[in-house]
Amino acid sequence: MTIRTSTLVATGLLAALTGCYYYVPDPPNSKADTYRPVYLAFADARLVQTLGPQPLKMPGKIYVKDNFLLINEVGRGIHVVDNRDPAKPVKLSFISIPGNRELAIKDSILYADNALDIVALNIADPRNVTLVKRLENTFSPTDFPDARNIRFECPDPDKGIVIRWEKTAVAQADCYR
Amino acid sequence: MKKPLPFGGGVGVGYCRMKQILYYFLVLATLLSCEKGSSSADSISPGSGTGGSTARFTVANNALYVVTNTSLQAYDITRSGNPRIGSKTNIGVGVETIFPYRNNLFIGTQTAMYIFDLGIPDQPRRLSVYNHFQSCDPVVAQGNYAYVTLRGGTNCRNTSLNTLDVIDISNLSKPQVIASYPMKNPHGLGIDGTVLFVTEGDFGLRVLDVTNPLLIKQTQFFQDIKAYDVIPTQKRLIVTGPDGIYQYSYADPTKLQLLSKLTVEP
């Protein structure tokens, strides 16, 4: 474990120096999966709004509060579902929260990550959600995908905040881990 | 609790009555606390909801806890609309999940399970660490046991290890592994009483009887669904996976019944 910790520190230094994140073992071969960063433009990052029900595309974390079921749409926001009858759940609204993956609730306040911030939203009326507080820059941007033994397009910080990684063919996958 | 106790005769009736009331109160308090200890959601804050085992945000009492990749950050939410930053605890690399139980937080990282005490809500105090092999590992707890799933694979350091570990937490300062069961590709888990649900990713959903944690028995294994995480609540199981959200009734835990599915749309 010590070795791994020290190698991680070393790779962290390398990352800082080169802008790429190198993992110490040999680079993956040319057949390794490749990823590209999906950027969120800085101008759009903090736009939180309530929309009508949206299609479920990529479900992430779930959360239950009283008769409501909340479903994260990875990187995009939260579906609010009326779950009084679990045999017939009804989508009520979609809270668009750029970069969102996580959620928790106390009383009628929903805490969620919004790109690099945490937002506190009043969801007493799920069709008219209002922002009550924003804690700015709580998180650091994700510089690399979760997967290992892969190649990826090195992120360009000028293009915006990386909100997720898409597994796809990449012309220039110069970074790897 | 519902049956009145025989009335204590003799002298000092008033005093006895008082003692009786006190006794009732104690019994009630004990029952209530037991009930709380055995419920599935076991959310320690009445105003909070319930998340899955892979959550990185959780609410307990008057605090919001958030794990980043390397630390645990607390926020005071005594006034829920006005979260205020509390203490930050560095944990190390690969912090993945957070699970509140009673007055503790169980944090899963890629190398260990950490137990924190929440005596001071916005200042979690580290009680102990249970180290394991490098893997992905959400954790849930109930009674004297914590259940941790360890998953190998591309996102989890390429170990081939896939297990469900049972950890005795009767002494929170000295967690001890007492059993380990082979799994296929466990992602998340949830517990209610003696029923433990384990999501096996593309391999399905397992229903386990944990009446005896040393001899866990599988009662059902749904291999036709893909499952990432679960929330068991009020005899209803909510399952999330890449194909959609499934809801089952587990009124009979040996025979789950599908209630509905919210399907992923192309």
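Every residue gets a number counted from 1 within its own chain, in the order that chain's sequence is written. Chains carry letters from A onward and ligands carry numbers from 1 onward, assigned in written order. Given that the model is predicted, a residue must reach a pLDDT of at least 70 before its local features are reported, and side-chain atom pairs must reach 80 or more before they are shown or counted; all residues, however, enter totals for whole chains, interfaces and linings.

1. Points about the overall build of chain A
Here is step 1: Numbering of helices and strands runs from the N terminus; a helix is a DSSP stretch of H or I covering at least four residues, while a strand is a stretch of E covering at least two. Secondary structure summary: chain A contains 1 helix and 13 strands in total.
Here is step 2: Here the C-beta atoms are placed from the backbone, and a residue counts as buried if at least 20 other C-beta atoms lie within 10 Å of its own, exposed if 12 or fewer do, and partly exposed otherwise. For chain A, buried positions account for 38% of its 177 residues.
Here is step 3: Here the contact rule is simple: place C-beta atoms from the backbone, and any two residues whose C-beta atoms are within 7 Å are in contact. The contacts in chain A between residues at least 6 apart in sequence include a share of 51% that link residues at least 24 apart.

2. A closer look at the overall build of chain B
Here is step 1: From N to C terminus, chain B includes 1 helix and 21 strands.
Here is step 2: By the burial criterion, 43% of the 266 residues in chain B qualify as buried.
Here is step 3: Put simply, 40% of the contacts in chain B that link residues at least 6 apart link residues at least 24 apart.

3. With respect to the interface of chain A and chain B
Here is step 1: The interface is formed by 36 residues belonging to chain A together with 41 residues belonging to chain B.
Here is step 2: Counting only elements with at least two residues in the side of chain A that touches chain B, the list comes to β3 (59-65), β4 (68-73), β7 (103-106), β8 (109-114), β9 (117-122) and β10 (130-135) of chain A.
Here is step 3: Sorting elements by how many residues they give to the side of chain A that touches chain B places β3 of chain A first, with 6 residues.
Here is step 4: Counted by class, the side of chain A that touches chain B contains 24 nonpolar, 2 polar and 10 charged residues.
Here is step 5: Looking at chain direction, β3 of chain A and strand β1 (residues 50-51) of chain B are connected through 2 bridges and run antiparallel. Each bridged residue has a counterpart across the sheet, and for Tyr63 of chain A the counterpart in β1 of chain B is Gly51 of chain B. Under the convention adopted here, Pro, Cys and the residues Ala, Val, Leu, Ile, Met, Phe, Trp and Tyr are nonpolar, Asp, Glu, Lys and Arg are charged, and Gly plus all remaining residues are polar. Two strands are said to pair when DSSP picks up at least two bridges between them.

4. Description of the sheet that holds β10 of chain A
Residue and element names in this part refer to chain A.
Here is step 1: Spatial strand order, β7-β8-β9-β10: 4 strands in an open sheet with antiparallel pairing. Edge positions in the sheet fall to β7 and β10, since each has one partner strand and no second. Mean inter-strand twist for the sheet, computed between neighbouring axes without regard to direction, equals 25°.
Here is step 2: Of the pairings in the sheet, the one linking β9 to β10 comprises 5 bridges and is antiparallel in character. Bridging across to β10, Leu121 finds its partner in Leu131. Helix axes use the C-alpha atoms of the stretch in contact, all axes being lines fitted to C-alpha atoms, and the angles between their N-to-C directions lie in the range 0 to 180 degrees.

5. With respect to the sheet that holds strand β15 (residues 195-199) of chain B
Hydrogen bonding along the main chain pairs the strands of a sheet, whether they run parallel or antiparallel.
Residue and element names in this part refer to chain B.
Here is step 1: Spatially, the 4 strands line up as an open sheet ordered β14-β15-β16-β17, and their pairing is antiparallel. Each having just a single partner strand, β14 (188-192) and β17 (217-222) make up the two edges of the open sheet. For this sheet, the mean angle separating the axes of adjacent strands, direction not counted, is 20°.
Here is step 2: With 5 bridges joining them, β15 and strand β16 (residues 205-209) adopt antiparallel strand pairing. Its bridge partner lying in β16, Val198 is registered against Arg206.

6. Considering the nonpolar core
Here is step 1: Only buried residues count toward a nonpolar core: Ala, Val, Leu, Ile, Met, Phe, Trp, Tyr and Cys, linked into one set through C-beta atoms within 7 Å. In this structure, Tyr111 and Leu121 of chain A together with Leu64, Phe106, Ile107 and Tyr147 of chain B are the most contacted members of the largest nonpolar core, which totals 89 residues.
Here is step 2: If near-sequence neighbours (up to four positions away) are discounted, Tyr111 of chain A is found in contact with Leu103, Ala104, Ile118 and Ala120 of chain A together with Phe57, Leu64 and Pro83 of chain B.
Here is step 3: Core analysis: the second largest hydrophobic core is formed by 7 residues, Phe144, Ile150, Trp165 and Cys175 of chain A among them.

7. Brief notes about unusual backbone geometry
Here is step 1: Backbone geometry places Asp107 of chain A, a non-glycine residue, at a positive phi of 55°.
Here is step 2: With phi around 50°, Arg102 of chain B is a residue other than glycine that occupies positive phi space.

8. Some thoughts on the confidence of the model for chain A
Here is step 1: Scored between 0 and 100, pLDDT is the confidence that the predictor attaches to each residue. Within chain A, residue pLDDT values average 85, and 85% of them lie at 70 or more.
Here is step 2: The low-confidence segment residues 1-23 of chain A, where pLDDT is below 50, has 23 contacts with residues more than four positions distant or belonging to other chains.

9. Section: the pairing of strand β6 (residues 90-96) of chain A
Residues and elements named next belong to chain A.
Here is step 1: Strand direction decides the pairing type here: strand β2 (residues 49-51) and β6, joined by 3 bridges, are antiparallel. For Gln49, the partnering residue across the bridge sits in β6 and is Ser96.
Here is step 2: Both strand β5 (residues 77-82) and β6 contribute to a ladder of 6 bridges, which runs antiparallel. Across the sheet, Val80 pairs through a bridge with Ser93, a residue of β6.

10. Some details on the environment of Leu92 of chain A
Residue and element names in this part refer to chain A.
Here is step 1: Secondary-structure assignment places Leu92 in strand β6.
Here is step 2: With 17 C-beta atoms packed within 10 Å, Leu92 lands in the partly exposed category.
Here is step 3: For Leu92 and Ile78, which are 14 residues apart along the polypeptide, the C-alpha to C-alpha distance reads 11 Å.
Here is step 4: Residues in contact with Leu92, not counting those within four places in the same chain, are Pro53, Val80, Val81, Asp82, Pro126 and Arg127.

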